[in-house]
Amino acid sequence: FSAQEFDKLSDFFKAHYRLELAEKDLCVKGWNWGTVRFGGQLLSFDIGEQPVFEIPLSNVSQCTTGKNEVTLEFHQNDDAEVSLMEVRFYVPPTQEDGVDPVEAFAQNVLSKADVIQATGDAICIFRELQCLTPRGRYDIRIYPTFLHLHGKTFDYKIPYTTVLRLFLLPHKDQRQMFFVISLDPPIKQGQTRYHFLILLFSKDEDISLTLNMNEEEVEKRFEGRLTKNMSGSLYEMVSRVMKALVNRKITVPGNFQGHSGAQCITCSYKASSGLLYPLERGFIYVHKPPVHIRFDEISFVNFARGTTTTRSFDFEIETKQGTQYTFSSIEREEYGKLFDFVNAKKLNIKNRGLKEGMKQSYDEYADSDEDQHDAYLERMKEEGKIREENANDSSDGSGEETDESFNPGEEDDDVAEEFDSNASASSSSGEGDSDRDEKKPAKKAKIVKDRKPRKKQLESKKGKDPNAPKRPMSAYMLWLNANREKIKSDHPGISITDLSKKAGELWKAMSKEKKEVRD
């Protein structure tokens, strides 16, 4: 309202309701430190005597406490595009004995808030279930309208209206099962948001379950989907109860089968290893962090070579919003199965034309690790023989004693193979190795050249004459000795290091003719 309309409104309320329209000044300083006052159904945050904002406590859905902190969560407004999720208040500690200001604040909120209360008896309780996200052991109490996770440190109340999807996924070891609950809005633990609740079950665990309802109520409410007394595997009981209460289908893997026969693919996402499940309408990755991508969200997929090894490849997914997910370190044996699955689902494959090329390139690299490994072993075997040969001052013909030789200065992967053909070129194997020698003459020549100078070097070191004359000085040293004093006089106080630098610069600048002048 504009300021001049105050009088009109005041007259209207006075005439029709006999009420005085009072003015109330709001604080607009922008401070975040003030006083909280509770009055009726309102929480008022004041600075001085002026209110900054008010919160109707009937809109509060959850109130959680931490160290010197209280968090209020609010019911969501489905009609609004943007809605307030939570407000956190810092409550400073006080010196009063026996009174916790945080608990006192929380009790004031809870007394008026529309918080989900665990009133009445639970329909059933599952004890000490292993939860991967949020991690820990939790008791799950099933109530008619919400799910209560009770742990040693944290409690979560999850309304069934926030459950989007249910997944039941077999582990690759065929002994465990994942039960995944997709949530929106997510549950919160401090600053962490959990969009998925993941439970892990062993297939061997069985349970007998009795619902806390009479048979008529069970039949009326669940229409035959549940019975009062049930027994079976623990994961079957949990999924069956959840399906009946949430009234949503449970998604299971489709007809995809990997190289090992499992319905999932082992891979890594970000820093953690996990399992990628191709579903009928999307992909889901468990478990850290969980990712669910629907086919209708995908812009394209891409198959890329692994960055660290040729024995694996990366599977990249880019969504229509531009988000990219890279699942790395997938065994190359899974490539054909995954490519055929993606192709059958008519997803856009970025590098479709490379399928055959990738298979060929992987076949080329198939034995590369083994070749390197064999060559290395042969090198290590022959290194000792080379040392013995040098120690005994053996002749060049000693190569006949060994089948293979090793040159430490040669880094080629095929060194052992080359030396094998060279060293064993006797009357028995010379003809068989001739083809190999003709194919790689350059390498053989290089190896021979590398070996002979090395032996000459060893001989020269052993037989060096201490009375032999020194080698002549270089042209630069002769010039430096002749011009050192001149440089010193031109640059008084110059240090030895700077003198060497200066001399190098002068020598570099001299022409070839001047360098060749002899005194």
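Source: prediction; values computed, not measured. (Residues numbered from 1 in each chain as written. Predicted model: local features only at pLDDT ≥ 70, side-chain atom pairs only at ≥ 80, totals over all residues. Heavy atoms only, no water.)

Enquirer: What is the right way to read helix 11 (residues 475-490) from this model?
Expert: Since one α-helical turn is 3.6 residues long, residues separated by three or four positions face the same way. Taking 1.5 Å as the rise per residue, helix 11 with 16 residues should run 22 Å; its terminal C-alpha atoms sit 22 Å apart, in good agreement. At asparagine 483, helix 11 shows its maximal bend, which comes to roughly 50 degrees. When helix 11 is considered as a whole, its buried residues turn out to be Trp479, Leu480 and Ile487. On its buried face, helix 11 is in contact with helix 12 (496-509). (Helix = DSSP H or I, 4+ residues; strand = E, 2+ residues; numbered from the N terminus. Expected span 1.5 Å × (residues − 1). Bend = angle between axes of the 7 residues up to and from the residue. Buried < 20%, exposed > 50% of the residue type's maximum accessible area, 1.4 Å probe, protein only. Contact = heavy atoms within 4.5 Å.)

Enquirer: Before we go on, may I ask you to explain empty space enclosed by the protein in this structure?
Expert: One simple way to see leftover space: roll a probe sized like a water molecule over the atoms. Tallying each qualifying case throughout the model produces 3 cavities of 30 Å³ or more. Considered as a void within the structure, the second largest cavity measures approximately 50 Å³ in volume. In terms of lining, the second largest cavity is formed by Phe126, Leu129, Ile140, Ile142, Leu147, Ile181, Leu197, Leu199, Val238 and Met242. Of all the secondary-structure elements, those providing two or more residues to the lining of the second largest cavity are strand 7 (124-133), strand 8 (136-142), strand 13 (192-202) and helix 4 (234-246). (1 Å grid on protein atoms, 1.4 Å probe; cavity = no way out; pocket = protein on both sides within 12 Å on 5 of 7 lines; lining within 4 Å. Points joined across faces, edges and corners; volume = space filled by probe spheres on them.)

Enquirer: Sorry if this is basic, but what is going on with the side chain of threonine 71 here?
Expert: Mapped onto the elements of the fold, threonine 71 is located in strand 5 (residues 69-74). With residues near it in sequence (within four places) discarded, threonine 71 still touches Gln62, Cys63, Thr64, Glu86, Val87 and Arg88.

Enquirer: What is the right way to read the packing of aromatic side chains from this model?
Expert: For any pair of aromatic rings, geometry is given as the distance between the ring centres together with the angle between the planes. One pass over the structure, following the stated rule, counts 28 aromatic pairs. The interplanar angle of 45 degrees and the centroid separation of 5.6 Å between the aromatic rings of tyrosine 285 and phenylalanine 327 together place this pair among those described as tilted. Here tyrosine 285 is found in strand 19 (residues 282-286), whereas its partner phenylalanine 327 is found in strand 23 (residues 324-331), with 42 residues between them in sequence. Each member of the pair, tyrosine 285 together with phenylalanine 327, is buried. Each ring, one from tyrosine 476 and one from tryptophan 507, has its centre 5.6 Å from the other, and the planes form 70 degrees; the classification is edge-to-face. Here tyrosine 476 is found in helix 11, whereas its partner tryptophan 507 is found in helix 12, with 31 residues between them in sequence. In this structure tryptophan 507 comes out as buried when scored by relative accessible area, which is 16%. (Phe/Tyr/Trp six-rings, centres within 6.5 Å; stacked < 30°, edge-to-face > 60°.)

Enquirer: Would you mind going over the sheet that holds strand 4 (residues 60-66) with me for this structure?
Expert: One key point about sheets: their strands pair by backbone hydrogen bonds, in either a parallel or an antiparallel sense. Judged by pairing direction, the sheet is antiparallel, and its 3 strands sit side by side in the order 4-5-6 without closing on themselves. Of all the strands in the sheet, just strand 4 and strand 6 (86-90) have a single pairing partner and so form its edges. When the angles between neighbouring strand axes are averaged without regard to direction, this sheet yields 15 degrees. Of the strands in this sheet, strand 4, strand 5 and strand 6 are in contact with helix 2 (residues 101-112), which crosses strand 4 at around 170 degrees. (Pairing = 2+ DSSP bridges. Axes fitted to C-alpha atoms, helices over the stretch in contact; angles between N-to-C directions.)

Enquirer: Would you mind going over the sheet that holds strand 1 (residues 35-39) with me for this structure?
Expert: On the basis of which strands lie adjacent, the open sheet formed by 3 strands has the order 1-2-3 and antiparallel pairing. The open sheet is flanked by strand 1 and strand 3 (50-56), the only strands paired with a single partner. Taken pair by pair, the neighbouring strands of this sheet meet at an average axis angle of 25 degrees, ignoring direction. By the bridge criterion, 5 bridges tie strand 1 to strand 2 (residues 42-47) in an arrangement that is antiparallel. From the neighbouring strand, valine 36 faces strand 2, where its bridge partner is phenylalanine 45.

Enquirer: Teacher, can you tell me more about the environment of cysteine 267 here?
Expert: Summarising the element assignment, cysteine 267 is placed in strand 17 (residues 265-269). The spatial distance from the C-alpha of cysteine 267 to the C-alpha of aspartate 314 is 8.6 Å, given a sequence separation of 47 residues. Once residues within four sequence positions are removed from consideration, cysteine 267 is found in contact with Ser272, Ser273, Gly274, Leu276, Tyr285, Phe327, Ser328, Ser329 and Ile330.

Enquirer: Looking at this structure, how should I read helix 12?
Expert: Taking 1.5 Å of rise per residue, 14 residues should cover 20 Å, and helix 12 covers 20 Å from first to last C-alpha, within 8% of that figure. Among all positions in helix 12, only Leu499, Ala503 and Trp507 are buried. Angularly, the buried residues of helix 12 cover 70 degrees about the axis, an arc narrow enough to put them on a single face. Along helix 12, the residues that are exposed and aim more than 90 degrees away from the buried face are Thr497, Lys501, Glu505, Lys508 and Ala509. Looking at the buried side of helix 12, the elements it contacts are helix 11 and helix 13 (512-515). (Arc of directions from axis to C-beta.)

Enquirer: Which parts of the structure should I look at to understand a nonpolar patch on the surface?
Expert: A contiguous nonpolar patch, built from Phe12, Tyr17 and Leu19 and spanning about 330 Å² of accessible area, is present on the exposed surface. Position of phenylalanine 12 relative to the elements: it lies in helix 1 (residues 6-17). Since its relative accessible area comes to 40%, phenylalanine 12 is described here as partly exposed. (Patch = residues over 30% accessible without salt bridge, like charges linked within 9 Å, V, L, I, M, F, W, Y side chains within 5 Å. Areas by Shrake-Rupley, 256 points an atom, 1.4 Å probe, with all protein chains shown as cover. Salt bridge = Lys/Arg side-chain N within 4 Å of Asp/Glu carboxyl O.)

Enquirer: Just to check I follow, could you spell out the side chain of threonine 319 for this structure?
Expert: Structurally, threonine 319 can be placed in strand 22 (residues 312-319). Apart from the residues within four sequence positions on either side, threonine 319 is in contact with Ile293, Glu297, Ile298, Ser299 and Tyr325.

Enquirer: Help me understand the nonpolar core in this model?
Expert: As a rule of thumb, soluble globular proteins bury nonpolar side chains together. One finds Phe126, Ile142 and Leu147 to be the most contacted residues of the largest nonpolar core, which totals 41 residues. A total of 9 residues in this core trace back to one element, the largest contributor, which is helix 4. Ignoring anything within four residues of it in the chain, the contact list for isoleucine 142 reads Ala122, Ile123, Cys124, Phe126, Leu147, Tyr160, Val241, Met242 and Leu245. In terms of nonpolar packing, the next biggest core, distinct from the first, is built from 26 residues, Cys267, Tyr269, Ile293 and Phe315 among them. (Core = buried A, V, L, I, M, F, W, Y, C linked by side-chain atoms within 4.5 Å.)

Enquirer: Could you clarify how one ought to interpret the packing of helix 11 against helix 12 in this entry?
Expert: The angle between the axes and the distance between the axes are what describe a pair of packed helices. Running from N to C, helix 11 and helix 12 point in directions that differ by 115 degrees, and their axes come no closer than 10 Å. In this structure, helix 11 crosses over helix 12, and the sense of that crossing is right-handed. In this structure, helix 11 contributes Ala475, Tyr476, Trp479, Leu480, Arg484, Ile487 and Lys488 to the contact, and helix 12 contributes Leu499, Ser500, Lys502, Ala503, Gly504, Leu506 and Trp507. Considered class by class, the residues forming the contact of helix 11 with helix 12 number 9 nonpolar, 2 polar and 3 charged. (Left-handed = near helix turned anticlockwise from the far one by under 90°. Nonpolar A, V, L, I, M, F, W, Y, C, P; charged D, E, K, R; others polar.)

Enquirer: What should I look at first to understand a positive patch on the surface in this one?
Expert: On the surface, Arg221, Arg225, Lys243, Lys249 and Arg281 cluster together to form a positively charged patch. Within the secondary structure, lysine 243 sits in helix 4. On the accessibility criterion, lysine 243 (42% relative accessible area) is partly exposed. (Lys, Arg positive; Asp, Glu negative; His and termini not counted. Charge placed at Lys NZ, Arg CZ, Asp CG, Glu CD.)

Enquirer: Would you mind showing me how to read the pattern of salt bridges here?
Expert: Pairing of side chains with opposite charge becomes possible as their charged atoms draw close. Evaluation of the coordinates by the stated rule reveals 9 salt bridges. For lysine 14, the salt bridge identified is with glutamate 20, shortest N-O distance 3.9 Å. The partly exposed category is assigned to lysine 14, whose relative accessible area is 42%. You can call glutamate 20 exposed: its relative accessible area is 64%. Arginine 127 is paired through a salt bridge with aspartate 139; the nearest N and O atoms lie 3.5 Å apart.

From the geometry alone we can't say anything about function, so treat these as descriptive.
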